[in-house]
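Coordinate inspection notes
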Amino acid sequence: LVNKVMHYIYRSYLEMERRLKVYVYEEGELPIVHDGPCKDIYTTEGRFIQEIEQGKKSKFRTRDPNLAHLFFMPFSVTWMVKYLYTPKSYNLKPLQDFVSDYIRVVSTKHPFWNKTQGADHFMLSCHDWVCFL
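I will try to describe carefully the structure that is included in this document. Everything numeric in this text was worked out from a predicted model, so none of it was measured. (Residues numbered from 1 in each chain as written. Predicted model: local features only at pLDDT ≥ 70, side-chain atom pairs only at ≥ 80, totals over all residues. Heavy atoms only, no water.)

Section: the pattern of salt bridges
Using the following cut-off: A pairing counts as a salt bridge when a side-chain nitrogen of Lys or Arg comes within 4 Å of a carboxyl oxygen of Asp or Glu. Secondary structure elements follow DSSP: runs of H or I no shorter than four residues count as helices, runs of E no shorter than two count as strands, and numbering proceeds from the N terminus. Three exposure classes are used, based on accessible area relative to the maximum for each residue type with a 1.4 Å probe and protein chains only: buried under 20%, partly exposed in between, and exposed over 50%.
Scanning all chains against the criterion turns up seven salt bridges. Notably, a salt bridge pairs Arg19 with Glu15, separated by 3.0 Å at the nearest N-O pair. One end of the pair, Arg19, and the other, Glu15, are both in helix H1 (residues 2–19), four residues apart, so they sit about a helical turn from each other. Its relative accessible area of 31% is what places Glu15 among the partly exposed residues. Where Lys93 meets Asp97, a salt bridge forms, and the shortest distance between an N and an O atom there is 3.0 Å. Taken as a pair, Lys93 and Asp97 lie in helix H4 (residues 93–109) at a separation of four residues, close to a single helical turn. A relative accessible area of 48% means that Lys93 is categorised as partly exposed. Through salt bridges with shared partners, a single network forms among Glu15, Arg18 and Arg19.

Here it is in structure tokens:
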């Protein structure tokens, strides 16, 4: 039974690799959007953004939003904290405002947000700051 389940999971994974398509929004500017750290403990965030945006062989990315299953908002929470947060201020408003503004721009400019009220949209964060956004 375990072998059958593992075989099914493996086949499902291969099918997901073949079919899954992610649309990456082009809105936003460096340094907070379209970039992320690729060193230190937050590398996962930066590497994902870099690979999905710049990877020449990204089999998951589509430039046609009509083909997308998921929509990626490519902002870096690590860079948001670095550039927008004042240390020890405990003021999260600048971070929350940035995310709200980004979503407002995307949802106003693109009809894809409104199809599911953002349920098929995602961002990536590899640390606890996202809990506060």
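Structure shown, so let's carry the discussion forward.
Quick look at H4
Cut-off, in case you're wondering: Between the first and last residue of a helix there are one fewer steps than residues, each counted as 1.5 Å, and that sum is the expected span. The arc in question is traced by the directions running from the helix axis to the C-beta atoms.
Here H4 is 17 residues long and its end C-alpha atoms lie 24 Å apart, about the 24 Å a rise of 1.5 Å per residue gives. Of the residues making up H4, those classed as buried are Leu95, Phe98, Val99, Tyr102, Val106 and Ser107. The arc that holds the buried residues of H4, viewed along the axis, is 150°, so those residues lie on one side.

A short note on the side chain of Ser76
To be explicit about the condition: Pairing of N or O atoms within 3.5 Å defines a polar contact, subject to two protein rules: one partner must be a possible hydrogen donor and the other a possible acceptor, and residues neighboring in sequence count only if both atoms are side-chain atoms. Contact criterion: two residues are considered in contact whenever any of their non-hydrogen atoms come within 4.5 Å of each other.
Note on placement: Ser76 falls in the loop between strand E3 (70–72) and helix H3 (77–84). The buried category is assigned to Ser76, whose relative accessible area is 0%. Within the structure, Ser76 has its side chain in polar contact with the backbone nitrogen of Thr78 (distance 3.3 Å). With residues near it in sequence (within four places) discarded, Ser76 still touches Ile32, Asp35, Gly36, Pro37, Glu45 and Ile49.

Focus: the sheet that holds strand E2 (residues 61–62)
How we decide: For two strands to be treated as a pair, DSSP must find no fewer than two bridges joining them.
With parallel pairing, four strands are arranged side by side in an open sheet as E2-E1-E3-E4. The open sheet has two edge strands with one neighbour each: E2 and strand E4 (121–122). Bridge analysis of E3 against E4 gives two bridges, and the strand direction is parallel. Residue pairing in the sheet places Phe72 in a bridge with Phe122 of E4.

Details of a nonpolar patch on the surface
The cut-off we apply is this: Surface patches are defined over residues having more than 30% relative accessible area and no salt bridge, joining like charges when they lie within 9 Å and nonpolar side chains (Val, Leu, Ile, Met, Phe, Trp, Tyr) when within 5 Å. Here, Shrake-Rupley sampling with a 1.4 Å probe gives the accessible areas, and only protein chains in the shown set may cover a residue.
A contiguous nonpolar patch, built from Leu1, Val2, Val5, Met6, Tyr8 and Ile9 and spanning about 700 Å² of accessible area, is present on the exposed surface. Structurally, the position occupied by Met6 is in helix H1.

A short note on the packing of aromatic side chains
So the rule is basically this: Any Phe, Tyr or Trp ring, taking Trp's six-membered ring, that has another such ring centre within 6.5 Å forms a pair; planes under 30 degrees apart are called stacked, those over 60 apart edge-to-face, and the others tilted. The rule for a charge over a ring is simple: NZ of Lys or CZ of Arg within 6 Å of the ring centre, and within 35 degrees of the ring normal.
Scanning the entire structure with this criterion turns up twelve aromatic pairs. Their ring planes at 65° and their centres at 6.2 Å tell us that Phe48 and Phe122 sit as a pair that is edge-to-face. Separated by 74 residues along the polypeptide, Phe48 in helix H2 (residues 43–54) and Phe122 in strand E4 bring together distant segments of the chain. Given the relative accessible area of 22%, Phe122 is considered partly exposed. The lysine or arginine in question, Lys82, covers the ring of Trp79, its NZ or CZ lying 5.0 Å from the ring centre.

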